[in-house]
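Examining the three-dimensional arrangement
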Amino acid sequence: MELYIDSANIEQIAQVMPLGILQGVTTNPTLIAKEKRDFQTLIRNIAKLVDGKIWCQVTSTEAESMVNEALEINSWAKNIVIKLPMGMEGLKAASILSRKGVETNMTLVYSVPQAVLAAKAGVSYVSPYVGRVDDTGWDGMSLIKEIVDVFQSLQVKTKVIAASIRGPQQVIDALRTGVHAVTMPYQVLLSMVRNPMTDIGLEQFMTDWNNANM
Ligand SMILES: O=C[C@H](O)COP(=O)(O)O
């Protein structure tokens, strides 16, 4: 079971990595853009905080440029791995990069056929978007389950990382499908940690402890 935080925010990442429960960080161009910092500097700084992988997406649109960009990003730190967008160019780039031994993750996966093609291109991970599928009126979790089942029955080595997660229960539902990994936003991770009953219980313990005349 691999868990990642879906964030490019240094403060959030610095807070959660020491928990020792995450295998790394996933980013995307939207998350990077939100930080309003120099791309390379930001990724290098995140890489220093992360004991694990930092997934960084290329923004080029043609396979050849995607490959060059991926190789450049990949050279910034040892733990940086590459996200490619699903499509003809992404598949081409994935095939080239996998032959070069660069670890890749095919993102924006919305169907089992897309996941199968990405696996054939040699990606290490596919990222189906649970929340965004739900937004369209379809069932994101069923998509995850179908991809996991097809990969298992075909003995495909590519791992499935459930992305676009909107709440703690979705993390658990995704894990119950047999998915290899889940990436979640900071707020979802906090919601998994916290429970009002835990807070009430701890407050009671401390009150009783402090009131005791020992
Ligand atoms: O990069 C993939 C993200 O997990 C997408 O999540 P989002 O739908 O919350 O933007």
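- The chain appears in an unreviewed UniProt entry as Fructose-6-phosphate aldolase from Polycladomyces zharkentensis.
- The Subcellular location (unreviewed entry) comment attached to the chain in UniProt states, word for word, "Cytoplasm".

Brief notes about the nonpolar core
- Of all hydrophobic cores here, the largest spans 64 residues; its most connected members are Ile46, Ile80, Leu84, Met106, Val126 and Ile147.
- With six residues, helix α8 (residues 140–153) is the largest single contributor of residues to this core.
- Those residues within four positions of Met106 in sequence are excluded, and the remaining contacts are Leu84, Pro85, Met86, Gly90, Leu91, Ala94, Ala118, Val123, Tyr125, Val126 and Ser127.
- Among the nonpolar cores identified, the runner-up in size contains six residues, and Trp55, Val81, Ile161 and Ala181 belong to it.

Describing the site of the ligand
- Taken together, Asp6, Asn28, Lys83, Tyr129, Arg132, Ala163, Ser164 and Arg166 make up the full set of residues near the ligand.
- Here Tyr129 contributes a side-chain N or O atom positioned 3.1 Å from an oxygen atom of the ligand.
- At 2.7 Å from an oxygen atom of the ligand is found a side-chain nitrogen or oxygen belonging to Arg132.
- Contact with the protein chains covers 83% of the free accessible surface of the ligand, which is 310 Å².
- In the shell around the ligand, the residues fall into two nonpolar, two polar and four charged.

With respect to the sheet that holds strand β6 (residues 125–128)
- On the basis of which strands lie adjacent, the closed barrel formed by eight strands has the order β1-β2-β3-β4-β5-β6-β7-β8 and parallel pairing. Each strand axis lies, on average, 30° off the axis of its neighbour in the sheet, ignoring direction.
- Summarising the sheet, strand β1 (residues 2–6) and strand β2 (residues 24–26) pair through three bridges and their orientation is parallel. Note that in β2 the partner of Ile5 across the bridge is Val25.

Observations concerning the confidence of the model for the chain
- In the predicted model, the chain carries a mean pLDDT of 96, and 100% of its residues have values of at least 70.
- Both confidence scores are given for the complex: pTM 0.94, ipTM 0.96.

Digging into the pattern of salt bridges
- According to the stated counting rule, one finds six salt bridges in the structure shown.
- Across the pair Glu11 and Arg37 runs a salt bridge whose closest N-O atoms are separated by 3.9 Å. Taken as a pair, Glu11 in helix α1 (residues 10–16) and Arg37 in the loop between α2 (29–35) and α3 (39–49) lie far apart in primary sequence, 26 residues in all.
- Taking relative accessible area as the criterion, Glu11 reaches 48% and is therefore assigned partly exposed.

The rules behind these values
Along each chain, residues carry numbers from 1 onward, in the same order as the chain's sequence is written. The model is predicted, so local features are restricted to residues of pLDDT at least 70 and side-chain atom pairs to those at 80 or more, both for listing and for counting; the totals for chains, interfaces and linings are taken over all residues. Water and hydrogen atoms play no part in the side-chain values, which are based on all heavy atoms of the structure. UniProt positions are given in the numbering used here, feature names are shortened, and annotations may be inferred rather than shown by experiment. Take the buried Ala, Val, Leu, Ile, Met, Phe, Trp, Tyr and Cys residues and link them wherever side-chain atoms come within 4.5 Å; each set so joined is a nonpolar core. Under the scheme applied here, a residue whose accessible area is under 20% of the maximum for its type counts as buried, over 50% as exposed, and between as partly exposed, the area being computed with a 1.4 Å probe on protein chains only. Counting from the N terminus, the helices are the DSSP runs of H or I reaching at least four residues and the strands are the DSSP runs of E reaching at least two. Residue contacts follow a heavy-atom distance rule, with two residues in contact if any of their heavy atoms lie within 4.5 Å. Put simply, a residue is near a molecule or strand once any heavy atom of it comes within 4 Å of that molecule or strand. We define a polar contact as two N or O atoms separated by no more than 3.5 Å, with the added condition that, inside protein, one atom must be a possible hydrogen donor and the other a possible acceptor, whereas residues neighbouring each other in sequence contribute only through side-chain atom pairs. Using a 1.4 Å probe, accessible areas were evaluated by the Shrake-Rupley method; residue-level cover was limited to the displayed protein chains. Residue type decides the class: Asp, Glu, Lys and Arg count as charged, Ala, Val, Leu, Ile, Met, Phe, Trp, Tyr, Cys and Pro as nonpolar, and the leftover types, Gly among them, as polar. Strand pairing is assigned whenever DSSP identifies at least 2 bridges connecting the two strands. Every angle, taken between N-to-C directions, lies between 0 and 180 degrees, and every axis is a line fitted to C-alpha atoms, over only the stretch in contact when it is a helix. Looking at any residue, its pLDDT shows the predictor's confidence there, from 0 to 100. The salt bridge definition used is simple: a Lys or Arg side-chain nitrogen within 4 Å of an Asp or Glu carboxyl oxygen.

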